[in-house]
Amino acid sequence: MVAWARWCYRHRLVVVVLWVTALVGLGAVGGSAGTDYANVFSAPDTDSTRAGDLMEKAFPQRSGDTDTVVWKTARGSARDAAVRGRIEPVLAEIAGMKGVGEVAGPYAPGPEAAARISRDGRVAYAQITFTEQANEVSKSLVEDVVDTARAAARPGLRVELGGQAVARIQEPPAGTAEAVGIAAAAVVLFLAFGSLFAMLLPILTAVFAVGTGLLATMLLSHVTAVPEVAPLLGTLIGLGVGIDYALFIVTRHRRGILRGLDPEESAAQALDTSGRAVLFAGGTVCVALAGMLVMNMRFLDGVVIAASLTVVLSVLAALTLLPALLGPRVLSRRQRRRLAATGPEPDEPTGLAARWAAAVGRRPRTVALLAVAVMAALSLPLLSLRLGATDQGNHQESSTTRQAYDLLAEGFGPGFNGPLHVVVEKARPAATEALVERIRATEGVAHVGPATPSADGGTAVIQVVPTTSPQSAATDRLIDRLRADVLPRAGVDAHVGGVTAVFKDFATVTADRLPYFVGTIVVLGFLLLLVAFRSLVVPLTAAVMNLVAAAASFGVLVAVFQWGWGAEALGIAKEGPITAFLPVVMLSLLFGLSMDYQVFLVSRMHEEWVHTRDNARAVRVGLAETSRVINCAALIMICVFSAFVLSGDMEGATAGIGLAAAVALDAFVLRTALVPAAMRLLGRANWWLPPWLDRRLPHLAVEPRDAAPPAPEELEALVAAALGPAGPAPDPHAPDDACGSPEACAAQGACGAVDPLTARGDFSPYDPYDAAYAIDDEHYVPGLPAPQERGAHVVHGFIITPDGEPIHTVTMTLLSKSGRQLDRVSSLADGSYLLSAPAPGVYLLAATAPGYASKARHIMLGSGPLTYDLELLEAVGTGPML
């Protein structure tokens, strides 16, 4: 990773040119090829799918999109000559447009045409059938149809249009939601960094990733089924993770420069630390997205392709394009001047983050209980979740599609906007007519049209208008009644189809398969974290927290979109069921994003645990050093996701609000409060893994490897210089401690440098993050006696220069008198270290660091901790310095 970062940094022009070429090239190819999105909502092996297949074969002329022109008179009837004289020429003009296959109005002879005028005569409609599906009909044609139809309106005569093709031209200009989200993210980044250049880096990285992802998705739509909503969801997730991944790396790079590293070295370290976490986090998001394949739905397969491709490109951009753009200008001018004047600054968290980490460590039970109470309260509405479909009744009241929807409901009943199609296979006229009468007598049916036979007479279609709206639970019950009771008793082979039936079946299949999907992504996430952190409790905690976050976020969705709480403030016109496919998409994205934050948080805790074997410190330091950047990243995602309320797409708005709520709860409640509180309470159990499992698991490093230990010859020189090369050979049977026992050690005056603090419950001055740090049972090194048996046998202190400046990444080694290594750690950013010994006695403490003369000292440990500071001089020669 380091070599890769250095190559990108040194060949920045090549990297930037490659990315620009890829974006421009895909744009040119995609612009000429266009798109071929297909909304295949049907679920396989369902009754509505069978009905749709039969209709497509028997009535190919109805395969194009059908939209509606609706008009209402304030006085008189739609049959009046004045109204007819204005509407008929308009319908004739529309019928003559290229791309319009058929226009069926109310003024033609026959009962079917007469049925297109309401009983009171004030509302009438005409159906416009295009030759292509809605997403393929040119917007210019739809605009001509809308303009021509609405030109017939006059005072006392309203004309509105509805349908999928008409809805497309009402959408806000493409990029509105994205632009608002990026602008909000830019404000957050500028406030966080204080540098215009640093603010631009994450945004540029995300824009390149999302741009190439969208263009590649456009091309893929020609070779596989990609739904029209997939690019929107891909943009939503791509902007979120793209900006966040770059944010983590830029933050680490800034920290390195402030610590005195040159820009290239800082960029290499940033990629070797945060870059590894980004790579792992991106992989977890893709794994979570791939879990949607378990649902076995073509519609979701296209979403997986678009979203995964965008995430992969976001990771690639963060690991290639971003290093090429890094440099000293990530700091503001004031920071650069201060760095030049005062030198590197210590890298220890201060302020609110450190104080909050200390508070969580002091009162973990209180914090955990409050967080659980908040999440439980927000999860309660989930019990009312109802899956279904949104329609044009959920559009803004000012839109022509919503006006047409309301006029049809007023004139023909609420069920008219979602008619059912009963498709009779191997139709016999007598049996079909009997079926029509049975359906007409069924509860919940408002109107039944005559049976329409196919050209060969083998298939017939009966249109059924329910008494309730398409989104009503009563309409779902009517469909079940027809399938379970009415059709079987009629003795015919018939199926219930239509858009309403398709969405009901889609919701049913989704609900049935959802537990398998959730189980799959939970298990996959558990296995990934198990391998990464070599712990059973950490991935188990993450899985539980992900489920809690999902429950709370869906509770928010139910409250807003089903119950209507705050819907008006968010610009949501009408409450209704949650779109059937959104739970699957949102759970995939939510689990992936939650794993991101878990990886960034726990990887820092794990790094500290490996160095100190102190769980309390690991939790506190990890939270203090990552909470600020996690909260900043979450705030950016909230801005980006919330902006999709402006997308004009109900599914996009629902996903945006749901994901924004999920990220807010996940970052501000779970990862900042509940997770660290739980890990503090669990203690050493966080990092437990059965030895037999540890041996069998592959090794996957989220954090970079520790600093290389001193070379054997260097350690030998240090030991020889400290113990004396001419001394007697060590007795292999002698105990490692010099005194043999605490009593003997005390008698020699070698111990007692510090009182046994743990016996009195006093505080140690060691921890720079919390003055209330106590050495307790969590100072534990595997293979050593339990803390209560051995006491607090630790040595800690600071490594500094003669001027008092801390030295970080010093390798500190504790050796026995025979030269056996007992413990080894690297000093932290503030120069602090902590080593653990098996018992009181005399030990050798060795310090090595690049650019400094090595040093070794004898130390004497008693029954309490020992504070021991070391000064290192800059190297001017070779060999250890004593």
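Let me begin by describing the structure that accompanies this report. Source: prediction; values computed, not measured.

Moving on: helix 4 (residues 81-95). The terminal C-alpha atoms of helix 4 lie 21 Å apart, and with 15 residues this matches the ideal 21 Å at 1.5 Å per residue to within 8%. Residues of helix 4 that are buried include every one of Val83, Ile87, Val90, Leu91 and Ile94, and no others. Projected down its long axis, helix 4 shows its buried positions confined to an angular sector of 100°, all on one face. Among the exposed residues of helix 4, those oriented more than 90 degrees off its buried face are Ala81, Ala82 and Ala92. Where the residues of helix 4 are buried, they touch strand 1 (66-73), strand 2 (100-104), strand 3 (123-130), helix 6 (139-150) and strand 4 (157-162).

A few words now on the sheet that holds strand 4. With antiparallel pairing, the four strands of this open sheet are ordered in space as 2-3-1-4. The two strands at the open ends of the sheet, each matched to only one other strand, are strand 2 and strand 4. When strand polarity is set aside, the average angle formed by the axes of neighbouring strands in this sheet is 20°. As paired strands, strand 2 and strand 3 are joined by four bridges and run antiparallel to one another. The residue of strand 3 that forms the bridge with valine 100 is phenylalanine 130. Helix 6 contacts strand 1, strand 2, strand 3 and strand 4 of the sheet and is inclined by roughly 165° relative to strand 4. Its contacts with the sheet place helix 17 (residues 400-412) against strand 1, strand 3 and strand 4, and it is angled at close to 110° to strand 4.

Our next topic: the side chain of glutamine 598. Along the polypeptide, glutamine 598 turns up in helix 22 (residues 582-612). You can call glutamine 598 buried: its relative accessible area is 1%. When residues no more than four places from it in sequence are discounted, the contact partners of glutamine 598 are Leu529, Val538, Ala542, Ser603, Arg671 and Val675.

Using the criterion set out here, one finds eight aromatic pairs in the structure. On the basis of an interplanar angle of 85° and a centroid distance of 5.2 Å, the ring pair of tyrosine 125 and phenylalanine 412 is categorised as edge-to-face. With tyrosine 125 in strand 3 and phenylalanine 412 in helix 17, this residue pair connects regions lying 287 residues apart in the sequence. Residue class for phenylalanine 412 comes out buried when judged on its relative accessible area of 17%. Between tryptophan 609 and tryptophan 687, the aromatic rings sit 5.8 Å apart at their centres with planes inclined by 15°, giving stacked as the arrangement. One end of the pair, tryptophan 609, is in helix 22; the other, tryptophan 687, is in the loop between helix 24 (650-682) and helix 25 (691-696), and 78 residues separate them in sequence.

Moving on, we get to the packing of helix 16 (residues 364-379) against helix 24. One way to put it is that helix 16 packs onto helix 24 with a least axis distance of 8 Å and a crossing angle of 140°. The pairing of helix 16 with helix 24 is recorded here as oblique in orientation. Seen along the crossing, helix 16 lies across helix 24 with a hand that is left-handed. Contacts between helix 16 and helix 24 involve Pro364, Arg365, Val367, Ala368, Ala371, Val372, Met375 and Leu378 from the first element and Leu665, Val669, Leu670, Ala673, Leu674, Ala677, Arg680 and Leu681 from the second. Among the residues forming the contact of helix 16 with helix 24, the class breakdown is 14 nonpolar, no polar and two charged.

On to the packing of helix 18 (residues 429-440) against helix 19 (residues 473-490). The contact between helix 18 and helix 19 brings their axes to 9 Å, and the two run at 145°. Crossing of helix 18 over helix 19 shows right-handed handedness. Across the interface between the two elements, Leu435, Arg438 and Ile439 of helix 18 pack against Leu482, Val486, Leu487, Arg489 and Ala490 of helix 19.

Now for the pairing of strand 17 (residues 855-861). Two elements, strand 16 (residues 841-848) and strand 17, share seven bridges in a ladder whose sense is antiparallel. By the bridge assignment for strand 17, tyrosine 843 is matched with isoleucine 859. Where strand 16 folds back on strand 17, the antiparallel hairpin that results is connected by six residues, among which glycine 851 adopts a positive phi of roughly 85°.

Among the surface-exposed residues, Val187, Phe190, Leu191, Leu196, Leu200 and Leu204 lie close enough to one another that they form a single nonpolar patch of about 580 Å² accessible area. Elements with a minimum of two residues in the nonpolar patch: helix 8 (176-193) and helix 9 (196-220).

Moving on to the pattern of salt bridges. This model, assessed by the stated rule, comprises 17 salt bridges. Between arginine 489 and aspartate 485 there is a salt bridge, with the nearest N and O atoms lying 2.8 Å from each other. Of this pair, arginine 489 and aspartate 485 both sit in helix 19, four residues apart, which is roughly one turn of that helix. With relative accessibility at 60%, the residue arginine 489 sits in the exposed group. A residue is classified by how much of its surface remains accessible, and aspartate 485, at 29% relative accessible area, is partly exposed. In the salt-bridge network here, residues are joined through shared partners; they are Arg6, Arg10, Glu264 and Glu265.

Below, the discussion takes up the nonpolar core. Counting 147 residues, the largest nonpolar core has Ile249, Met292, Leu300, Phe517, Tyr597, Ile636 and Phe641 as the members making the most contacts within it. Setting aside its immediate chain neighbours within four residues, isoleucine 636 contacts Ala185, Val188, Leu189, Ile243, Asp244 and Leu247. Of all hydrophobic cores here, the second largest spans 28 residues; its members include Val69, Ala78, Met97 and Val166.

As enumerated under the stated definition, the model contains five cavities of 30 Å³ or more in all. In this structure, the second largest cavity spans a volume of roughly 90 Å³. Considering the residues around the second largest cavity, the lining is formed by 16 residues, among which Ile521, Gly525, Asn546, Phe591 and Met595 are closest to the centre. Secondary structure elements with two or more residues in the lining of the second largest cavity: helix 11 (263-290), helix 20 (499-533), helix 21 (537-562) and helix 22. Among the elements that take part in the lining of the second largest cavity, helix 20 stands out by supplying seven residues, more than any other. Among the residues making up the lining of the second largest cavity, the classes are represented as 13 nonpolar, three polar and no charged.

Conventions we followed
Residues numbered from 1 in each chain as written. Predicted model: local features only at pLDDT ≥ 70, side-chain atom pairs only at ≥ 80, totals over all residues. Heavy atoms only, no water. Helix = DSSP H or I, 4+ residues; strand = E, 2+ residues; numbered from the N terminus. Expected span 1.5 Å × (residues − 1). Buried < 20%, exposed > 50% of the residue type's maximum accessible area, 1.4 Å probe, protein only. Arc of directions from axis to C-beta. Contact = heavy atoms within 4.5 Å. Pairing = 2+ DSSP bridges. Axes fitted to C-alpha atoms, helices over the stretch in contact; angles between N-to-C directions. Phe/Tyr/Trp six-rings, centres within 6.5 Å; stacked < 30°, edge-to-face > 60°. Parallel < 35°, antiparallel > 145°, perpendicular 65-115°, else oblique. Left-handed = near helix turned anticlockwise from the far one by under 90°. Nonpolar A, V, L, I, M, F, W, Y, C, P; charged D, E, K, R; others polar. Patch = residues over 30% accessible without salt bridge, like charges linked within 9 Å, V, L, I, M, F, W, Y side chains within 5 Å. Areas by Shrake-Rupley, 256 points an atom, 1.4 Å probe, with all protein chains shown as cover. Salt bridge = Lys/Arg side-chain N within 4 Å of Asp/Glu carboxyl O. Core = buried A, V, L, I, M, F, W, Y, C linked by side-chain atoms within 4.5 Å. 1 Å grid on protein atoms, 1.4 Å probe; cavity = no way out; pocket = protein on both sides within 12 Å on 5 of 7 lines; lining within 4 Å. Points joined across faces, edges and corners; volume = space filled by probe spheres on them.

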